[in-house]
Amino acid sequence: MIWTIALRELQTRGRSKGFLAITGILFVAIIGAAIGISIFGGDDDASEVTIGVTGPGVAYVEALEVGSSEIDPTVTVLDSGAVQAVEDGDVDVLFDGSSLTWDGTPRLRLDSYLRLVARQVQLAERAERLDLSDAELSQLFTDVQINEVRLDGGDDGFGVRLATAGVSGLAMFMLLQVWGSFLMMGVIEEKSSKVVEILLSHVRPSTLLSGKILGLGILALLQMLVVTVGVVIGLSLVRDIEIPSSVWATVPLTLVTFLFGFAFYATAYAAVGSMVSRQEDATSAQLPAMLPLLAGYAIAAGSIDNPDNLVAVIGTFVPFTSPVLLPFRTAMSDVPLWQAVLSLTILAGSIVVMVRIAGRIYRYSLLRSGTKVTFAEAWRNRNQVGL
Amino acid sequence: MHVPRGSLIGFLGPNGAGKTTAMRAVVGMVQLDGGTITWDASPVGDSVRTRTGYMPQERGLYARMKIRDQVVYFGRLAGMSAADAAARTDHWLERLGISDRADSMLQDLSGGNQQRVQLAVSLVHDPELLILDEPFAGLDPVAAETMRAILAERAADGAAVLFSSHQLDMVANLCEDVVIVTNGTVLAAGSVEDLRLASPKRQLRVRWMDPVDSWTPLDGSLVLFDQNRAIVDLGTHHDVGANIAHAIAAGAVSEITLEPPGLDELFVELVEADA
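Residues numbered from 1 in each chain as written. Chains lettered and ligands numbered in written order. Predicted model: local features only at pLDDT ≥ 70, side-chain atom pairs only at ≥ 80, totals over all residues. Heavy atoms only, no water.

Draft legend 1. Focus on the overall build of chain A. What chain A contains, in helices and strands, is 16 helices and four strands. By the compact-globule yardstick of 21 Å for 387 residues, chain A is too spread out, its C-alpha radius of gyration being 31 Å. Based on the C-alpha atoms only, the size of chain A along its principal axes is roughly 105 × 45 × 30 Å. Taking all 387 residues of chain A together, the buried fraction comes to 45%. Put simply, 75% of the contacts in chain A that link residues at least 6 apart link residues at least 24 apart. With 26 positive and 38 negative side-chain charges, chain A shows a separation of 30 Å between the mean positions of the two kinds. (Helix = DSSP H or I, 4+ residues; strand = E, 2+ residues; numbered from the N terminus. Rg over C-alpha atoms; globule rule 2.2 N^0.38 Å. Buried < 20%, exposed > 50% of the residue type's maximum accessible area, 1.4 Å probe, protein only. Contact = heavy atoms within 4.5 Å. Lys, Arg positive; Asp, Glu negative; His and termini not counted. Charge placed at Lys NZ, Arg CZ, Asp CG, Glu CD.)

Draft legend 2. Summary view of the overall build of chain B. When you go through chain B residue by residue, the secondary structure sums to 10 helices and 12 strands. Relative to a compact globule of 275 residues, whose C-alpha radius of gyration would be 19 Å, chain B shows 24 Å and is clearly more extended. In terms of overall dimensions, chain B has a C-alpha envelope of 75 × 45 × 30 Å along the principal axes. Per-residue burial over chain B gives 44% buried out of 275 residues.

Draft legend 3. Structural view of the pattern of salt bridges. Counted under the stated rule, the structure contains 21 salt bridges over all chains. Between B:Glu58 and A:Lys194 there is a salt bridge, and its shortest N-O distance comes to 3.4 Å. With B:Glu58 in the loop between strand 4 (52-55) and helix 3 (67-77) and A:Lys194 in the loop between helix 7 (158-192) and helix 8 (195-202), this pair bridges two chains. Taking the relative accessible area as the measure of exposure, A:Lys194 reaches 18% and is therefore buried. Residues B:Glu128 and B:Arg51 are paired through a salt bridge, measuring 2.9 Å at the closest nitrogen-oxygen approach. With a gap of 77 residues between them, B:Glu128 in the loop between helix 5 (111-123) and strand 5 (129-133) and B:Arg51 in the loop between helix 2 (46-49) and strand 4 connect regions that are remote in the sequence. Residues participating in the shared-partner salt-bridge network are B:Arg5, B:Asp40, B:Arg51 and B:Glu128. (Salt bridge = Lys/Arg side-chain N within 4 Å of Asp/Glu carboxyl O.)

Draft legend 4. Inspection of empty space enclosed by the protein at higher detail. Residues and elements named next belong to chain B. Counted according to the given criterion, the structure contains two cavities of 30 Å³ or more. Empty space within the largest cavity amounts to approximately 80 Å³. Lining the largest cavity are Leu96, Gly112, Gln115, Arg116, Leu119, Leu139, Ala143, Thr146 and Met147. With four residues, the top contributor of residues to the lining of the largest cavity is helix 5. Each residue belonging to the lining of the largest cavity can be placed in one class, and the counts come to five nonpolar, three polar and one charged. (1 Å grid on protein atoms, 1.4 Å probe; cavity = no way out; pocket = protein on both sides within 12 Å on 5 of 7 lines; lining within 4 Å. Points joined across faces, edges and corners; volume = space filled by probe spheres on them. Nonpolar A, V, L, I, M, F, W, Y, C, P; charged D, E, K, R; others polar.)

Draft legend 5. Local environment of the sheet that holds strand 10 (residues 221-225) of chain B. All names here are of chain B. One open sheet accounts for four strands, arranged 10-11-9-12; its pairing is antiparallel. With one partner strand each, in any of the chains shown, strand 10 and strand 12 (253-259) form the two edges of the open sheet. Each adjacent strand pair in this sheet contributes to an overall mean axis angle of 15 degrees, direction not counted. Across six bridges, strand 9 (residues 202-208) lies against strand 11 (residues 229-234) in antiparallel orientation. Note that in strand 11 the partner of leucine 204 across the bridge is valine 232. Sheet strands in contact with helix 9 (residues 240-250) are strand 9, strand 11 and strand 12, and its direction is about 15 degrees off that of strand 9. (Pairing = 2+ DSSP bridges. Axes fitted to C-alpha atoms, helices over the stretch in contact; angles between N-to-C directions.)

Draft legend 6. Region of interest: the nonpolar core. A:Trp179, A:Leu208, A:Phe258, B:Phe74, B:Phe136, B:Leu151 and B:Phe163 are the most contacted members of the largest nonpolar core, which totals 132 residues. The contact partners of B:Phe136, leaving out residues within four places of it in the chain, are B:Ala144, B:Met147, B:Arg148, B:Leu151, B:Phe163, B:Gln167, B:Met170 and B:Leu174. (Core = buried A, V, L, I, M, F, W, Y, C linked by side-chain atoms within 4.5 Å.)

Draft legend 7. Molecular detail of the interface of chain A and chain B. Residue-level contacts link 24 residues of chain A with 27 residues of chain B. Summed over both partners, the interface of chain A with chain B comes to about 2,500 Å²; 57% of that surface belongs to carbon and sulfur atoms. The three residues of chain A that bury the most area against chain B are A:Glu197, A:Ile198 and A:His202, which together make up 28% of that side's buried surface. Here chain A is connected to chain B by three salt bridges. B:Asp46 serves as the salt-bridge partner of A:Arg204, at 2.8 Å between the closest nitrogen and oxygen. On the surface where chain A and chain B come into contact, there are six residue pairs in polar contact (both at pLDDT 80 or more). Sorting the residues of the side of chain A that touches chain B by element identifies helix 1 (2-14), helix 7 and helix 8 of chain A as the ones contributing at least two each. Examining the composition of the side of chain A that touches chain B, we find that seven residues originate from one element, helix 8 of chain A, more than from any other. For the side of chain A that touches chain B, the per-class residue count stands at 10 nonpolar, eight polar and six charged. (Buried area = accessible area lost by both parts, 1.4 Å probe. Polar contact = N/O pair within 3.5 Å; in protein donor to acceptor, adjacent residues only side chain to side chain.)

Draft legend 8. Expanded view of helix 1 (residues 19-26) of chain B. Taken as a whole, helix 1 of chain B has its buried residues at B:Lys19, B:Met23, B:Arg24, B:Ala25 and B:Val26. Looking at the packing, one finds that the buried side of helix 1 of chain B touches helix 8 of chain A together with strand 1 (8-12), strand 4, strand 5, strand 6 (160-164) and strand 7 (177-182) of chain B. The first or second residue beyond helix 1 of chain B is B:Gly28, which carries a positive phi of 80 degrees.

Draft legend 9. Layout of the sheet that holds strand 4 (residues 100-102) of chain A. All names here are of chain A. Taken in spatial order, the four strands make up an open sheet running 2-1-3-4, and their pairing is mixed. The sheet terminates laterally at strand 2 (71-77) and strand 4, the two strands that pair on one side only. Between one strand axis and the next, the sheet turns through 30 degrees on average, direction left out of account. Pairing geometry for strand 3 (residues 93-95) and strand 4, over three bridges, is antiparallel. Within the sheet, the bridge partner assigned to valine 93 lies in strand 4 and is tryptophan 102. Contacting strand 1 (47-53), strand 2, strand 3 and strand 4, helix 5 (residues 108-129) runs over the sheet at an angle of about 165 degrees to strand 4.

Draft legend 10. Spatial organisation of the side chain of A:Ser365. All names here are of chain A. Mapped onto the elements, serine 365 comes out in helix 15 (residues 337-365). At 2.7 Å, the side chain of serine 365 forms a polar contact with the backbone oxygen of isoleucine 361. Setting aside its immediate chain neighbours within four residues, serine 365 contacts Lys191, Ser274, Met275, Val373 and Ala378.

Draft legend 11. Representation of the packing of helix 7 of chain A against helix 9 (residues 205-237) of chain A. All names here are of chain A. Running from amino to carboxyl end, helix 7 crosses helix 9 at an angle of 155 degrees, the nearest separation of the two axes being 11 Å. Put simply, helix 7 runs roughly antiparallel to helix 9. Every pair of crossing elements has a handedness; the one defined by helix 7 and helix 9 is right-handed. Counted together, Val160, Met172, Leu175, Trp179, Phe182, Leu183, Gly186, Val187 and Glu190 of helix 7 and Leu208, Lys212, Ile213, Leu216, Leu219, Ala220, Gln223, Met224 and Leu235 of helix 9 form the full contact between these two elements. Classifying every residue of the contact of helix 7 with helix 9 by side-chain character gives 14 nonpolar, two polar and two charged. (Parallel < 35°, antiparallel > 145°, perpendicular 65-115°, else oblique. Left-handed = near helix turned anticlockwise from the far one by under 90°.)

Draft legend 12. Fine view of the packing of helix 1 of chain A against helix 7 of chain A. Residues and elements named next belong to chain A. Running from N to C, helix 1 and helix 7 cross one another at 105 degrees; their axes reach a closest spacing of 13 Å. One way to sum up the angle between helix 1 and helix 7 is to call them roughly perpendicular. Every residue of helix 7 that contacts helix 1 at Arg8, Glu9 and Arg13 is listed here: Phe182, Met185, Gly186 and Glu190. Tallied by class, the residues present in the contact of helix 1 with helix 7 amount to two nonpolar, one polar and four charged.

Okay, structure coming up:
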């Protein structure tokens, strides 16, 4: 029976243009963003630049032509009209031995490259004037070694972490809300069209609700999988950026949390949906279900600098906020395993409680048409329905 | 109140009498304050519900679902296999004359055809107990006749059929048995004929061959007198025979009848007596 109901939900929602369009757009957007980052972001390749030299600057040609990992220079010697060449864009910068001429804002990497080279050349000249031996010279120019000790174990990729945390937190917030509203719309549709009365003459309210949650849950999970595949493909397209292990851990955890979170929130959305009789009242009706979710997202947004702050940690164990905070914190920092397990256990247990409470509101409110049912009324009369 | 197999029972009562609540209770949608509902000597529950066809007073199905899919879906919810549900759906759509619209969305059908789909939904699983809340409301005479025929046919096939209605002439025509309720209690139950005869009231109707100038009954109350005919309401305490003799004495009579009250009068009488 549950499967029959779930199947109908799958078919009607899955075939809808809205669902297909949203899923397709999400998939394309994520891969597109990843490709965009790998092409335009990153600065992975040395940028090709043209350096013009004039006057005393000519002495630096040889040193300037060496280049660096970030700068791939072409050096041109200019005489008359050197400034004009900068203005015309023939060269990116002009160096005359003592000053740099730019047409606009200096380019940071090129600027520091030029200053470094000039400094080295001038230091070498001064050393020569001091008549130092080769041994003394090499001693003088030996790099000062400053070692780095990182207490986080040298885990780079804050940007990738932040992006993953942001995406997974936002995805949880949005998808739970979107799919919760889908479920609520379905409940209101059945109530306002009165079809619910025939449905309930065949099946129990709990069966009806379970079937709807199962059907939409499968669809939502399919959508999540598509998005996840998009994210994985996207991440692997991003070249030369090491993906921190916490990011990979986030992916399966987000899926599991989403499943639990969906069961929890879908039930809440179904209950508030059953309390109104018209689609027009849906927006105000969903507030009690949406606000806790929003709170979770707000805590996540405020915890970017310090993902392990007390509020965020407590929120990880509160079922209303944990669906957003657990994936967010997992991506941002290293959440201990026990925290993840405890958080999911509490969430799973809360589903049972929520189904008991919201299920009763749902079964009472479904057959009350007309005015909006209040929580107090629904709870008072929770045992009036004979199913 | 009993609804045996093979019977077709009209469920009557004024607005707010509790008809809908009683019917909802049979399909388990409301909790009873008291009393029990049994079917085959066991309390109604899930197993009985799947053998029950229910048509609620407030009609409603999925607006954007093809009607064939819709009827099959409810057959499946009643526990039928996919093949059975499809076969019975085709049967009922054919029987109700809407098989050519099988692939239309419900919302594209006329109101009358939507009613037929609603009936198909309550019949698709060939229920042995059929509960219909106001099935004749909003039907045109042709559709009402189809409904009437189908309900009679289901009862003849051995199903127990209970339906509520305010169209008492329809009920009197369609079924032998009625139950009249008000304020949640049964006022009268039994065959229409027995209930009518059990009433203490009788109506005497006289028609004279030639006009009679003036006539007043011995007792009872005169409802109508227009020289050619008279109608008198009589109670048990009135002498019926003396009244008949008194009418015949006034002139040659072409027609004289003594009728128990009709179902509609009986209904008003019972409900008013209770109030």
